[in-house]
2 protein chains.
Amino acid sequence: MNFPSKLIENAVEEMAKLPGIGKKTALRLVLHLLKREEEATLSLTEALTNMRTLIQYCRHCHNISDTDVCAICASPTRDRSLVCVVEDTRDVLAIENTAQYRGLYHVLGGIISPLEGIGPSDLHIDSLLTRLSESGIGEIILALSPTMEGDTTAFYLTKKLKPYNRKSNVLHHCPGHPRGR
Amino acid sequence: MNFPSKLIENAVEEMAKLPGIGKKTALRLVLHLLKREEEATLSLTEALTNMRTLIQYCRHCHNISDTDVCAICASPTRDRSLVCVVEDTRDVLAIENTAQYRGLYHVLGGIISPLEGIGPSDLHIDSLLTRLSESGIGEIILALSPTMEGDTTAFYLTKKLKPYNRKSNVLHHCPGHPRGR
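Residues numbered from 1 in each chain as written. Chains lettered and ligands numbered in written order. Predicted model: local features only at pLDDT ≥ 70, side-chain atom pairs only at ≥ 80, totals over all residues. Heavy atoms only, no water.

### Section: the overall build of chain A
What counts is decided by this rule: Comment: elements are numbered from the N terminus, with helices defined as DSSP H or I runs of at least four residues and strands as E runs of at least two. It is over C-alpha atoms that the radius of gyration is taken, and the globule rule equals 2.2 Å times the number of residues to the power 0.38. With a 1.4 Å probe rolled over the protein chains alone, any residue whose accessible area is under 20% of its type maximum counts as buried; one over 50% counts as exposed, and the rest are partly exposed. Should any heavy atoms of two residues lie within 4.5 Å, those residues are considered in contact. Method for areas: the Shrake-Rupley scheme with a 1.4 Å probe, in which residue coverage is limited to the protein chains shown. Residues scored as charged are limited to Lys and Arg (positive) and Asp and Glu (negative), so that His and the chain ends carry no count. Charge positions are represented by NZ for Lys, CZ for Arg, CG for Asp and CD for Glu.
For chain A, the count of helices and strands is seven helices and six strands. Taking 181 residues into account, the globule formula puts the C-alpha radius of gyration at 16 Å, and chain A, at 20 Å, lies well above it. Residue burial in chain A is summarised as follows: out of 181 residues, 46% are buried. The contacts of chain A with a sequence gap of at least 6 include a subset with a gap of at least 24, amounting to 53%. As displayed, chain A has an accessible area near 9,000 Å², and 52% of this comes from carbon and sulfur atoms. Distance from the positive charge centre (21 side chains) to the negative charge centre (21 side chains) of chain A: 5 Å.

See the structure below:
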């Protein structure tokens, strides 16, 4: 495609870097922003910039949070003996939307994937072990995706968790799991 | 959906305002940006802000352009007796991609749509009539979308162009037209 302007070309190229958005869709989105008033684009870019630069993570469970400790970890009504280990925030959202789980979470921030160069040291595994040794956690639920990477991570964690002698369940297909089989 | 952070919620809501992007897709895009390095988000937002605030339009044909007069209007090899009237820049891109048309364009910036409150005065129709009376245009092609609004606009333009006594063709289904039947 020959764009009539370098500015449009840059914007389309940046938009097309997002997953699931091709050049045609990117152009449609960019032209939509051009048609709407300038404030619409500025409030979109401001929301994205703020989100990326100001975001915080809960110091206990590593879930996204606006505060140092997230609402779930801070809640007095949650069952503190139960921890559900998930890949990312989307899993927490999916499980929370079922309103069936009352325990805490631990967000790994990814799964072990040698192909993408993600090893155990890139995930929040050490802090999970610290949580285990420090607090009264009695049961761990590994709610990871039913893929090769998810299985590898679950296997690795099961081995790491063994010395702590806690009950641990591998729950591959949790209700509403966005990557469920 | 209960978002764990106001920053995420704002970003998702802004993204979901784009056409064809629902809340679920918006969340996926936002979490993707969070996973990538900060520069990726900043270069996206910078490209969008620059595009929206610095964009210029050709003073002859109203197409998007980085300069006062666009490359097509400035080109000495284009046929200046022929003008193709289109709705927006996407139509110019589609027709240019066929590499079959060697005339000039006139971008209306929309089509007459009473339902959306867009009347003839909101479009670049006056400047089309000025171009007609000033330059040696011999033929007008109306390449508008084959919808009710497109037909209305074509009908309105045909009536307006009549006194100028130029050859005018209504071309509803131009090759590669993104909104073609």
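### A closer look at the relation of the copies chain A and chain B
Test applied: In superposing the copies, a least-squares fit is computed on C-alpha atoms, taking residues whose pLDDT is at least 70 in both.
Superposition record for chain A on chain B: RMSD 0.0 Å, screw rotation 180°, translation along axis 0.0 Å. Both copies of the chain, as the preceding transformation shows, are related through a two-fold rotation axis. In terms of C-alpha distance to the rotation axis, chain A has A:T45 as its closest residue, with the C-alpha 2.5 Å off the axis. Of all interface residues in chain A, 100% are interface residues in chain B too; the two copies therefore contact each other through one and the same surface.

### Focus on the interface of chain A and chain B
Basically, it comes down to this: By convention, the term buried area covers the 1.4 Å-probe accessible surface removed from two parts as they join, with the contributions of both added. By definition here, a salt bridge exists when the distance from a side-chain nitrogen of Lys or Arg to a carboxyl oxygen of Asp or Glu is within 4 Å. By the convention adopted, Pro, Cys, Tyr, Trp, Phe, Met, Ile, Leu, Val and Ala count as nonpolar, Lys, Arg, Asp and Glu as charged, and the other residues, Gly among them, as polar.
Listed by partner, the interface residues are 54 residues for chain A and 54 residues for chain B. Across the interface of chain A and chain B, roughly 5,000 Å² is buried in total on both sides, 72% from carbon and sulfur atoms. Together, A:L7, A:L34 and A:R52 form the three largest contributors to the area buried by chain A at its contact with chain B, with a combined 14%. Put simply, chain A and chain B have zero salt bridges between them. Only α1 (6-15), α2 (23-35), α3 (38-54), β2 (64-65) and α5 (89-98) of chain A provide two or more residues apiece to the side of chain A that touches chain B. For the side of chain A that touches chain B, the class distribution of residues is 27 nonpolar, 14 polar and 13 charged.

### Quick notes on the confidence of the model for chain A
Residue and element names in this part refer to chain A. For the record, the criterion: pLDDT gives the predictor's per-residue confidence on a scale running from 0 to 100.
When pLDDT is averaged across chain A, the result is 87; 93% of the residues are at 70 or more. Considering each helix and strand of chain A separately, the mean pLDDT is smallest for strand β6 (residues 167-170), with a value of 72, and largest for strand β4 (residues 103-107), with 94. Across the interfaces of the predicted complex, the ipTM metric reaches 0.77, alongside a pTM of 0.75.

### So, the packing of α1(A) against α2(A)
All names here are of chain A. For the record, the criterion: Comment: axis = line fitted to C-alpha atoms, over the contacting stretch for helices; angle = value between 0 and 180 degrees taken between N-to-C directions. Should an angle lie under 35 degrees it is considered roughly parallel, over 145 roughly antiparallel, and from 65 to 115 roughly perpendicular; all remaining angles are considered oblique. In a left-handed crossing the near helix is turned counterclockwise from the far helix by less than a right angle, and in a right-handed crossing that turn is clockwise.
It is the contact of α1 with α2, at a shortest axis distance of 8 Å, that shows an interaxial angle of 125°. With respect to their mutual orientation, α1 and α2 come out oblique. Here α1 runs over α2; the crossing is right-handed. Contacts between α1 and α2 involve I8, A11, V12, E13 and M15 on the former and, on the latter, K23, A26, L27, L29, V30 and L34. When the residues that make up the contact of α1 with α2 are grouped by side-chain class, the tally is nine nonpolar, no polar and two charged.

### Focus: the environment of A:L128
Residues and elements named next belong to chain A. By the secondary structure assignment, L128 is in helix α6 (residues 126-134). L128 gets classed as buried once you look at its relative accessible area, which sits at 0%. Sequence separation between L128 and V85 is 43 residues; the distance between their C-alpha atoms is 8.8 Å. Setting aside residues no more than four positions away along its own chain, L128 makes contact with V83, V85, H106, L157 and L161.

### Some words on the pairing of strand β4 (residues 103-107) of chain B
All names here are of chain B. Defined as follows: Here a strand pair is declared whenever DSSP counts at least two bridges between the two strands. The path from the first strand over the helix to the second decides the hand: if it runs clockwise while the strands point away from the viewer, the crossover is right-handed.
Among the five residues of β4, five are classified as buried, and the element is accordingly described as predominantly covered. Direction of pairing for strand β3 (residues 79-86) relative to β4: parallel, over a ladder of five bridges. Paired with V85 across the strands is H106, a residue of β4. In this region the chain leaves β3, passes through helix α5 (residues 89-98) and returns to the parallel neighbour β4; the handedness of that crossover is right-handed.

### Remarks on the nonpolar core
We count it as follows: Among buried residues, those of type Ala, Val, Leu, Ile, Met, Phe, Trp, Tyr and Cys that are joined through side-chain atoms within 4.5 Å constitute a nonpolar core.
By size, the foremost hydrophobic cluster in this structure holds 42 residues, and its most contacted members are A:I8, A:M15, A:L48, B:I8, B:M15 and B:L48. Here B:L48 is in contact with A:A11, A:M15, A:V30, A:L33, A:T41, A:L44 and A:T45, once residues within four sequence places are set aside.

### Brief notes about the domain arrangement of chain A
How we decide: Start and end positions for the domains come from either an automated domain assignment or a database one.
Structurally, chain A comprises domain 1 (6-54) and domain 2 (77-180). On a C-alpha basis, the centres of domain 1 of chain A and domain 2 of chain A stand 34 Å from each other.

### Quick look at α1(A)
Where we set the bar: Arc definition: it is the arc formed by the directions from the helix axis to the C-beta atoms.
A:L7, A:I8, A:A11, A:V12, A:E14 and A:M15 are the residues of α1(A) that are buried. In a view along the axis of α1(A), the buried residues occupy a sector of 165°, so they form one face of it. Looking at the buried residues of α1(A), the elements they touch are α2 of chain A together with α3 (38-54) and β2 (64-65) of chain B.

### Considerations on the sheet that holds β4(B)
Residue and element names in this part refer to chain B. As summarised here, the arrangement of the four strands in space is β4-β3-β5-β6, forming an open sheet in which the pairing is parallel. In the strand order of this sheet, the two ends are held by β4 and β6 (167-170), each with one partner. Neighbour-to-neighbour, the strand axes of this sheet turn through a mean angle of 25°, independent of strand direction. Each of β3, β4 and β5 (139-142) touches helix α6 (residues 126-134); the most contacted strand, β4, lies at about 150° to it. Here helix α7 (residues 148-161) sits on the sheet in contact with β3, β5 and β6, set at roughly 165° to β5.

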